[in-house]
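This is what each chain is made of:
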Amino acid sequence: YRGWSEVRQNLCAVKSRISQAAVSAERNPSDVKLIAISKTQKPNLIAEAISNGHRLFGENRVQESEDKWPPILEANDDVVVHLVGPLQTNKVKRAVQLFHTIQTLDRRKLARALAREFDSQGVQVDCFIQINIGEEPQKTGVLPEAADSFITECRGDLLLPIVGLMCIPPANDQTGLHFGLLSEIAARNGLSNISMGMSADFEIAIRFGATHVRLGTAIFGARPPLTLGPE
Ligand SMILES: *Cc1c(COP(=O)(O)O)cnc(C)c1O
């Protein structure tokens, strides 16, 4: 690794850990996609990841992404950015213009706003439904017991392109149980994409069926503080 940048070393190391975790779970490593979560990171670090062949990124704020991503996307037309943070309905229009996938569809009001926006822009952006898998009051997301009917409503009534489920499990020792539950909900609803697992727990997530792991600090190191105000 001598002479390699930190981001390059980290990307290489996490990709090999992802492959190992997939192989030990008797899964195909190419079925697990690595999303580099670049929130609060400067464009030069994103450029570093791109120049090392990485193409899939995630951000958690619309406003920050609006400042950061348009020039990068203009210069790299195969780069893809997912929204992995909460989306307010007044930012739906800009989110639909900017992101390739929205992973945080978490309520009926947002589902309706997205359906309207897709109609008016004449586009479809793939959506993951965010499940509040640990039923935590401080977290957003659809409760597990409401998941089946919400998925049905989004697909059937609103005709939204629902491609998978996403969760952020509680920080406790039940991570595997929560990941397993998300996989079950996805399977019984015929959804093949499962976004779960972050820097601290992605190997467990892969064991329980994650198809998208979202890694920030494991790739870019510690995050600089956010300089924007709250959305
Ligand atoms: C920040 C963030 C991540 C990445 O977290 P790390 O612990 O830095 O890997 C993953 N998912 C979401 C939704 C996030 O907001």
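See the structure above.
Everything in this summary refers to the structure shown in the same document. Please read these numbers as outputs of a predicted model, since none were measured by experiment.

1. A short note on the side chain of T104
Logical step 1: Relative to the helices and strands, T104 resides in strand β4 (residues 101-105).
Logical step 2: By relative accessible area, T104 is classed as buried at 0%.
Logical step 3: A polar contact of 2.7 Å, which involves the side chain of T104, links it to the backbone oxygen of G85.
Logical step 4: If we ignore the near neighbours within four places in the chain, the residues touching T104 are L83, V84, G85, P86, L87, L110, F128, Q130 and M166.

2. Considerations on the site of the ligand
Logical step 1: The full set of residues close to the ligand is I37, K39, V84, M166, I168, M198, S199, R214, L215, G216, T217 and R223.
Logical step 2: Measuring from an oxygen atom of the ligand, one finds a side-chain N or O atom of S199 at 2.5 Å.
Logical step 3: With respect to the ligand, the backbone of G216 contributes an N or O atom lying 2.8 Å from an oxygen atom.
Logical step 4: Across the shell around the ligand, the residue classes tally to six nonpolar, three polar and three charged.

3. What to know about unusual backbone geometry
Logical step 1: Unlike most non-glycine residues, E26 shows phi in positive territory, near 55 degrees.
Logical step 2: With respect to the helices and strands, the residue E26 is situated in the loop between α1 (6-24) and β1 (33-37).
Logical step 3: Using a relative accessible area of 77% as the deciding quantity, one classes E26 as exposed.
Logical step 4: In the Ramachandran plot, T40 falls in the positive-phi region, its phi being about 65 degrees despite a non-glycine side chain.
Logical step 5: One can find T40 in the loop between β1 and α2 (43-51).

4. Considering helix α6 (residues 144-157)
Logical step 1: The terminal C-alpha atoms of α6 lie 20 Å apart, and with 14 residues this matches the ideal 20 Å at 1.5 Å per residue to within 8%.
Logical step 2: Residues of α6 that are buried include every one of P144, A147, F150, I151, E153 and C154, and no others.
Logical step 3: Here the buried face of α6 lies against β4, α5 (108-121), β5 (126-131), β6 (162-167) and α7 (175-188).
Logical step 4: With its phi angle positive at about 55 degrees, L159 sits one or two positions after the end of α6.

5. Looking at the packing of α6 against α7
Angle between the axes and distance between the axes: these two values describe a pair of packed helices.
Logical step 1: Where α6 contacts α7, the two axes come as close as 10 Å, and the packing angle between them is 25 degrees. Taken as axis vectors, α6 and α7 run roughly parallel relative to one another. Once α6 is placed against α7, the crossing between them reads as right-handed. Residues P144, A147, D148 and I151 of α6 lie in contact with α7, whose contacting residues are L181, I185 and R188.
Logical step 2: Considering only residue class, the contact of α6 with α7 consists of five nonpolar, no polar and two charged.

6. A word on the nonpolar core
Logical step 1: L105, L114 and I129 are the most contacted members of the largest nonpolar core, which totals 64 residues.
Logical step 2: Residues I37, V84, F128 and M166 belong to the second largest nonpolar core, which totals six residues.

7. Brief notes about the packing of aromatic side chains
Logical step 1: Scanning the model with the defined rule gives one aromatic pair in all.
Logical step 2: Summarising the aromatic geometry, the rings of F57 and W69 are spaced 5.2 Å apart at their centres and angled 55 degrees between planes, so their arrangement reads as tilted. Remark: W69 occurs in helix α3 (residues 62-75) and F57 occurs in strand β2 (residues 56-59); sequence separation between them is 12 residues.
Logical step 3: On the basis of relative accessibility, which here comes to 1%, the residue W69 falls in the buried class.
Logical step 4: Taking the ring centre of W4 as reference, the NZ or CZ of R8 above it sits at 3.9 Å.

Cut-offs used in this document
- Residues numbered from 1 in each chain as written.
- Predicted model: local features only at pLDDT ≥ 70, side-chain atom pairs only at ≥ 80, totals over all residues.
- Heavy atoms only, no water.
- Helix = DSSP H or I, 4+ residues; strand = E, 2+ residues; numbered from the N terminus.
- Buried < 20%, exposed > 50% of the residue type's maximum accessible area, 1.4 Å probe, protein only.
- Polar contact = N/O pair within 3.5 Å; in protein donor to acceptor, adjacent residues only side chain to side chain.
- Contact = heavy atoms within 4.5 Å.
- Near = heavy atom within 4 Å.
- Nonpolar A, V, L, I, M, F, W, Y, C, P; charged D, E, K, R; others polar.
- Expected span 1.5 Å × (residues − 1).
- Axes fitted to C-alpha atoms, helices over the stretch in contact; angles between N-to-C directions.
- Parallel < 35°, antiparallel > 145°, perpendicular 65-115°, else oblique.
- Left-handed = near helix turned anticlockwise from the far one by under 90°.
- Core = buried A, V, L, I, M, F, W, Y, C linked by side-chain atoms within 4.5 Å.
- Phe/Tyr/Trp six-rings, centres within 6.5 Å; stacked < 30°, edge-to-face > 60°.
- Lys NZ or Arg CZ within 6 Å of the ring centre and 35° of its normal.

These figures capture arrangement, not role.
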